[in-house]
Amino acid sequence: MQEYQRKQLLERVNKESATIGADIPDRIDVQGEEIDLRTFVFEIKRRETVPEGERERVEQAKRNLRRERLERLERIEENRVDFETGEEIATAIIGIDRALDALDTLRPADVETEARKQETMDQKRWMSFLKKALGQEDASGSKRGGY
């Protein structure tokens, strides 16, 4: 593969808008295991929330997809494939990214607990901001005034 072709493929897979209009592959080989990726993603997305029992399965799938994406990307980066194979790999990477986007937007089953956690974090950030703004803490988070 020519250098300009390799750069073209890398640019294609790293573009922010690459997943717009992209399809999730029906089946994909991930870490040596054939997965019905589209069926899995749509099965999980249909629920809108991830039940407690499924959460670890989804997280494991996301880790495996990220690992597979990285391995495929390295094959292009290291110029270990011809251009035609590189195009196929780039299309698969974009499909993996599309699947990851879909899985990353899922909410946990216990939305109330997540909302409380988020509210607590927001309050902590607000208090920290106020302390810094009022001069009770310096930028490093240390209290002023000889404490």
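Quick notes on the rules
Residues numbered from 1 in each chain as written. Predicted model: local features only at pLDDT ≥ 70, side-chain atom pairs only at ≥ 80, totals over all residues. Heavy atoms only, no water. Patch = residues over 30% accessible without salt bridge, like charges linked within 9 Å, V, L, I, M, F, W, Y side chains within 5 Å. Areas by Shrake-Rupley, 256 points an atom, 1.4 Å probe, with all protein chains shown as cover. Salt bridge = Lys/Arg side-chain N within 4 Å of Asp/Glu carboxyl O. Lys, Arg positive; Asp, Glu negative; His and termini not counted. Charge placed at Lys NZ, Arg CZ, Asp CG, Glu CD. Helix = DSSP H or I, 4+ residues; strand = E, 2+ residues; numbered from the N terminus. Buried < 20%, exposed > 50% of the residue type's maximum accessible area, 1.4 Å probe, protein only. Axes fitted to C-alpha atoms, helices over the stretch in contact; angles between N-to-C directions. Parallel < 35°, antiparallel > 145°, perpendicular 65-115°, else oblique. Left-handed = near helix turned anticlockwise from the far one by under 90°. Contact = heavy atoms within 4.5 Å. Nonpolar A, V, L, I, M, F, W, Y, C, P; charged D, E, K, R; others polar.

The protein chain has the name DUF5788 family protein in an unreviewed UniProt entry, where Halobaculum halobium is given as its organism.

1. A short note on a negative patch on the surface
The grouping of Asp82, Glu84, Glu87 and Glu88 at the surface amounts to a negative patch. Inspection of the secondary structure assignment puts Glu87 in helix 4 (residues 83–104). Judged by relative accessible area, which is 35%, Glu87 ranks as partly exposed.

2. Details of the packing of helix 2 (residues 37–47) against helix 4
Between helix 2 and helix 4, whose axes approach to 10 Å, the crossing angle comes to 15°. By the angle class used here, helix 2 and helix 4 are roughly parallel. Our pair here, helix 2 against helix 4, has a crossing hand that is left-handed. Contacts from Leu37, Phe40, Val41, Ile44 and Lys45 of helix 2 reach helix 4 at Ala99, Ala102 and Leu103. Classifying every residue of the contact of helix 2 with helix 4 gives seven nonpolar, no polar and one charged.

3. A look at the packing of helix 1 (residues 3–14) against helix 4
Helix 4 packs onto helix 1 with a crossing angle of 10° between their chain directions and a minimal axis gap of 9 Å. The angle between the axes of helix 1 and helix 4 places the two elements in the roughly parallel class. Contacts between helix 1 and helix 4 involve Gln5, Gln8, Leu9, Arg12 and Val13 on the former and, on the latter, Phe83, Gly86, Glu87, Ala90, Thr91, Ile93, Ile94 and Asp97. When its residues are assigned to classes, the contact of helix 1 with helix 4 shows six nonpolar, four polar and three charged.

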